[in-house]
Amino acid sequence: MIYLDNAATTKPCPEAVQSALEAMTDNFGNPSSLHRAGLNAQLAVDKARKAVADSLGAAPENIIFTSGATESNKRALRGASAAYGKKRRRIVASSVEHASVAETLADLEGKGFEVVYVTPREDGRFYAEDFVSACNENTVLLTMMYVNNETGYILPVREVFTAVKRRYKDIITHTDCVQAYMKLSVKVNPLGADLISLSGHKIHGAKGVGALYIRKGIRLIPTVTGGKQEKGIRSGTESVPLICAFSAAVSKLAPSINERYERVSALKERLVGLVSAADGVEINSPDDGSPYVVNISAAGKRSEIMLHYLESREIYVSSGSACSKGQQSGVLGQFGITGKRADSALRISMTADTTEAEIEQFAEALREGITSVRG
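Calculation rules
Residues numbered from 1 in each chain as written. Predicted model: local features only at pLDDT ≥ 70, side-chain atom pairs only at ≥ 80, totals over all residues. Heavy atoms only, no water. Helix = DSSP H or I, 4+ residues; strand = E, 2+ residues; numbered from the N terminus. Contact = heavy atoms within 4.5 Å. Disulfide = S-S within 2.5 Å. Buried < 20%, exposed > 50% of the residue type's maximum accessible area, 1.4 Å probe, protein only. Pairing = 2+ DSSP bridges. Phe/Tyr/Trp six-rings, centres within 6.5 Å; stacked < 30°, edge-to-face > 60°. Lys NZ or Arg CZ within 6 Å of the ring centre and 35° of its normal.

Caption draft 1: Local environment of the environment of Thr 175. Mapped onto the secondary structure, Thr 175 falls in strand S6 (residues 172-176). A C-alpha to C-alpha distance of 8.4 Å links Thr 175 and Asn 73, two positions 102 residues apart in sequence. With sequence-adjacent residues up to four places away left out, Thr 175 is seen in contact with Met 144, Met 145, Tyr 146, Val 157, Phe 161, Ala 193, Leu 195, Ile 196 and Ser 197.

Caption draft 2: Region of the structure containing the state of the cysteines. Taken as a whole and assessed by the stated rule, the structure comprises 0 disulfides. No disulfide involves Cys 135; its sulfur sits 18 Å from that of Cys 177, the nearest cysteine. Cys 244 carries a free sulfur, and the closest cysteine sulfur to it, the one in Cys 13, is 13 Å from it.

Caption draft 3: Structural view of the pairing of strand S12 (residues 345-349). For S12, the buried fraction is high: 5 of the 5 residues fall into the buried class. Burial along S12 is two-sided: the residues Ala 345, Arg 347 and Ser 349 and Leu 346 and Ile 348 are all buried. As paired elements, strand S10 (residues 293-298) and S12 share 5 bridges and run antiparallel to each other. Residue Asn 295 lies in a different strand from S12, and its bridge partner there is Arg 347.

Caption draft 4: Examining the packing of aromatic side chains more closely. Under the counting rule described, the total for this entry stands at 6 aromatic pairs. Both rings, one in Tyr 153 and one in Phe 335, keep their centres 5.4 Å apart while their planes meet at 50°; by these two values the pair is tilted. One end of the pair, Tyr 153, is in the loop between strand S5 (139-143) and helix H6 (157-167); the other, Phe 335, is in the loop between helix H11 (331-334) and helix H12 (339-343), and 182 residues separate them in sequence. One aromatic cluster in this structure is built from Phe 126, Phe 131, Tyr 153 and Phe 335. Taking NZ or CZ as reference, Lys 183 lies 5.6 Å from the ring centre of Tyr 292, over its face.

Next up, the structure:
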C-alpha cells in the first residue's frame, strides 16, 4: 500500500499508540476523581497540556483539549462571538476556510452576524491590506487558516493579524492550524493569534482529540455546559488515552520540524518534476506552498475515476478535503481553478515517512491511468 492521503489523516506513530495503550490499561482513572488513580490520570493530562503548550510557546493554562479541530474551530468562533458580539456584529474570514469554519460562519450569519469573506486576488494570493479593508469598528472576529488543506497554500496569517491588530486592537483573531502544526513553525506570539485550533490525527496522534489555544484574557462563552473540566469551556470527562497519544506525537515531532520540512520539500520537488512530465497534468499548488500538500489536475480525467484507478493499484490519494466526502468544496475555484481542471483535481499529501520510491510508483501509475481510463 502506498498511502498519500496524509492531509486527511496520518498513521499513528508507535509512541502515540503505546502512550494511549498505557492510559487505557494502567492509567485508566477519571482525572476528576480525588483518589490516587484519578490523580495519576490528571497528572498525565497535565503533562500532555504542557507538551502542547511548549510546542506553541504558550502557557499550559492557555490550552484546552477538545475532540478535534472541528470542535476547536466551532468553540472558538461561537464562544468568541457570544462573548464579544453583542455590539460588534461583523466577522471577517478568508474565502478558503475548512468546512467546519465555513459552516459555523454561515450559521452565525443566520443569527444576525455580518460575515465578510476576503478572496484571493487575480494572482491567487491573499494580501494583508484586503483584510484590513474588510474590517471596521464593528468587527468582532477575524478568522483565517494557516495552510489551506486542499492546495497547501500558506496564508499570510502573521502579516494579516499584525496589520489588523495595529488598526483594530480589540478584534479577536483565530487561525485553524491543522495543516500547519508540526509542519511549519506555529508559535503564538509571532502569529499574533488569540485563538489557535489544532488536531491530533493530522500529526501521527489519534483521531478524536485536538486542542484550542486561548490567549490569556480572551473570554469564550461555553456552548456545552456540565462539569468544570477544561476550565469549564469544554465540559465532559477528558479522554486521557487520546490526549496522551496527542502529547506523545507532539513530543516526537516538535524537535524535527525543520528537518522534516526539508525532506518533504525534496519529495515535493521530485513529485512535481515527475508528474509535470505526463501529458496534460497541471499543478494547482503554489511553488512556495506547504510541501506536505500537492494538488494536481490529471489531464481532464474526473477525480473520482482516477482516484479509484489508483486505489486498484493500492495507491491512496484524495480528490480534496476528506470532510467533503468527494464533493467539490469550492475552494479550488477561489484560487482560479475551475471547470474540467477542478473536476480532475487530485490531492497528494505526504509525511516525512513517505519515500521517493513511493512517489515514483505513484507518478508511474498516474501516467498509466491517464492513458487507460476514460474521463
